[in-house]
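# Inside the fold
The lines below spell out each chain.
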Number of protein chains: 2
Amino acid sequence: LAIITIIGAGDMGSAMSVPARYNGHEVRLVGTHLDRDIIEHARETGAHPRLNRQLPVGAAFFQLEQLEEALTGAELVISGVSSFGVDWFLDEILPRLPEGLPVLSVTKGMLDMPDGSLKTFPELYEEANPGRAFCAIGGPCTSYEMMDGDQTTVCYCGRDMSVLRWMKSLLETPFYHVSVSADVRGLECAVAMKNAYALAVCLAVGLSEQRDGKLHYNSQAALFGQSVREMRKLLALAGGQDDNIVYGVGDLYVTVFGGRTRKIGSLLGKGVAFEEALSQLSGVTLESHVIASRTGRAVRRLIALGKAEAGDFPLLLHIDDIISNGAQVDIPWEKFVDRM
Amino acid sequence: LAIITIIGAGDMGSAMSVPARYNGHEVRLVGTHLDRDIIEHARETGAHPRLNRQLPVGAAFFQLEQLEEALTGAELVISGVSSFGVDWFLDEILPRLPEGLPVLSVTKGMLDMPDGSLKTFPELYEEANPGRAFCAIGGPCTSYEMMDGDQTTVCYCGRDMSVLRWMKSLLETPFYHVSVSADVRGLECAVAMKNAYALAVCLAVGLSEQRDGKLHYNSQAALFGQSVREMRKLLALAGGQDDNIVYGVGDLYVTVFGGRTRKIGSLLGKGVAFEEALSQLSGVTLESHVIASRTGRAVRRLIALGKAEAGDFPLLLHIDDIISNGAQVDIPWEKFVDRM
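The sections below set out a description of the structure shown in this document. (Residues numbered from 1 in each chain as written. Chains lettered and ligands numbered in written order. Predicted model: local features only at pLDDT ≥ 70, side-chain atom pairs only at ≥ 80, totals over all residues. Heavy atoms only, no water.)

## Examining the packing of helix α5 (residues 86-93) of chain A against helix α6 (residues 121-128) of chain A
All names here are of chain A. Which entries qualify depends on this criterion: To get an axis, fit a line to the C-alpha atoms, keeping to the stretch in contact for a helix; angles then go from 0 to 180 degrees between the N-to-C directions. Segments assigned H or I by DSSP are reported as helices when at least four residues long, segments assigned E as strands when at least two residues long, and all are numbered from the N terminus. Every angle not falling under 35 degrees, over 145, or within 65 to 115 is termed oblique; those three ranges are roughly parallel, roughly antiparallel and roughly perpendicular. By convention, the crossing between two helices is left-handed when the near helix turns anticlockwise from the far helix through less than a right angle, and right-handed when the turn is clockwise. A contact between two residues is defined here by any heavy atoms of the two lying within 4.5 Å. Under the scheme applied here, ten amino acids are nonpolar (Ala, Val, Leu, Ile, Met, Phe, Trp, Tyr, Cys and Pro), four are charged (Asp, Glu, Lys and Arg), and all others, including Gly, are polar.
Where α5 contacts α6, the two axes come as close as 11 Å, and the packing angle between them is 20°. What the angle tells us is that α5 and α6 run roughly parallel. The hand of the α5/α6 crossing is right-handed. Listed contacts from α6 to V86, F89 and L90 of α5 are F121, L124, Y125 and A128. Across the contact of α5 with α6, the residue classes break down as 7 nonpolar, no polar and no charged.

Here it is in structure tokens:
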């Protein structure tokens, strides 16, 4: 049994306490400066206020000032920050972690570099803090279903397979199934992209709801298929292998039916302008449009450099146009047809 | 403008009259011996009784005895039969088609051969009737949404690209988008398999409905991702290229949300035995379990011959066990994890 310290008491970070406690580990959940109320509430009631569920019995809750205490004797750190918290984790947390303590991150997303390349968070962390093992989780997993013990499959990626297998041994349960992969770029790219493309698939949800109030599936499926086609091309551009696309596909599926990304995609599909759609969702963190515009920017750079073809990414470029340039929704169906 | 004769007035065959008439072609819809009432009804009301929609103005309706008349001057035949009608089409229709008249088939499915290989219907037809062009349609397209003019993307496959481009030019519309591919095995395998795997994904629908009456998505997404993983392996075994997997993925998506396959998968997921589930659906053609057991049989043969590994197809083998051997649903989640 191990001591596992989770930093970030958002939905996914908090949910990771479930498999960890299921396996009997000592779990310490540390809130960021944004999570003060969550930790307070958890201490008083044992529940997570946003997930609206009991946290597992035996988990201990810490405010950020108690980080040192929460790290004493820890064998694994789980980073529960969202992509908006990556810089904070880099600047404020990494320097305070004991040497050699490995990190498993739930954060999904990538950074676009000036040369058009995309960088994964494990790569970013490793550059800042060489010598520490950084691994990351990808795959279709909503936090509240995981807390309810629903059957869930994920993949842990990282450079070192023995570290990955050890993390898997700590956290795998009869309902939380863990693959491991050394293809960090493949997995991280596949699961980051799904945020942008889930938003795209949900344009069709909004379009059909607007039309007759019903759900239609031919158009959703057309966008789903085109998403997978473009995600595979992005994976190749990012230097990933093709096999981890299955986690991106599963993650795309779960995100299309998830709350916030579906909501904004549907609003856009109904013709609501992006800024207005965002304001209707105020108060919730929305990673999908950030990753969409990052990826759009990266792909536009690659196109300008002659390293990618615009014709390979009509859906992504349209999403980016909607988000970054205020374009109206006008899905380029005819561009999804193989050119020949 | 061309004369297009559709043989088989089931849902998809009849729906093909919509893009054909949209483009102004002369459309002749011929019922099989099973479609007598449909043709009768269409003549009286202009509507399709099962699709519950008007057929396009100007389409002409023929009973099977009038086949010769319906074929006079025809430039393209569309076969609208289901996979259960393939033998009938081979034996009764092919010998009566004018020499050289090309055939475009809506039928999805494959046949399992004694050596464990899978054969596509275009290949089967070509062997029986060499010298005629046989093409087939794959991709996510439900007939009723297509009739309503929903945005739909499909792929036509066949040996001869110029024939495919000609068929595409006849039938493509602003709402019905057609790619073409010479990878017959890749496309046909991808879209045939989706029937079996849609049934598999819907096990999770039934399991979660049984549990608390609600839909959960982690488990559906896990099965969806595993389905795509196995479909890619089957595609490779069938000698297809990997790119047409996107049509299989789109088709899987649309089928998961379609009527009959979702219904039987959900029933099985709720613990209803296969025979009982079938009888609850009596009266409807159900291709999903036929293709599932065919593919299961083919894969078991390939495993016995040392050409495939059981560990690559845990989901398909479980579905086949449920259907062919009366096994209880017990999804082998732990087998979806990469072995290493």
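Here the narrative resumes.
## Side note on the pattern of salt bridges
The criterion, for reference: When a carboxyl oxygen of Asp or Glu lies within 4 Å of a side-chain nitrogen of Lys or Arg, that pair is called a salt bridge. Here's how the labels work: a residue is buried when its accessible area is under 20% of the maximum for its type, exposed when over 50%, partly exposed in between, all with a 1.4 Å probe on protein chains only.
Throughout the structure, instances matching the rule amount to 40 salt bridges over all chains. Across the pair R159 of chain A and E126 of chain A runs a salt bridge, and its minimum N-O distance is 2.4 Å. Here the residue R159 of chain A occupies a position in the loop between β11 (152-157) and α8 (161-171), and E126 of chain A occupies one in helix α6, the gap between them amounting to 33 residues. By relative accessible area, E126 of chain A is classed as buried at 16%. The closest approach of N and O atoms between E172 of chain B and K168 of chain B, which form a salt bridge, is 3.3 Å. Note on K168 of chain B: relative accessible area 18%, which makes it buried. Beyond isolated ion pairs, a larger network of salt bridges with shared partners links R232, D242 and D243 of chain A together with R232, D242 and D243 of chain B.

## Points about the sheet that holds strand β6 (residues 76-79) of chain A
Residues and elements named next belong to chain A. Where we set the bar: Should DSSP find at least two bridges between two strands, the strands are taken to pair.
One open sheet accounts for 8 strands, arranged β5-β2-β1-β6-β7-β10-β11-β12; its pairing is mixed. In this open sheet, the two strands that pair with only one neighbour each are β5 (60-62) and β12 (176-181). Between one strand and the next, the sheet's axes are offset by a mean angle of 25°, whatever the strand orientation. Where β6 and strand β7 (residues 103-105) come together, 3 bridges link them in parallel fashion. By the bridge assignment, V77 is partnered in β7 with V103. Running over the sheet, α8 touches β1 (3-7), β6, β7, β10 (134-138), β11 and β12 and is turned about 180° from β12.

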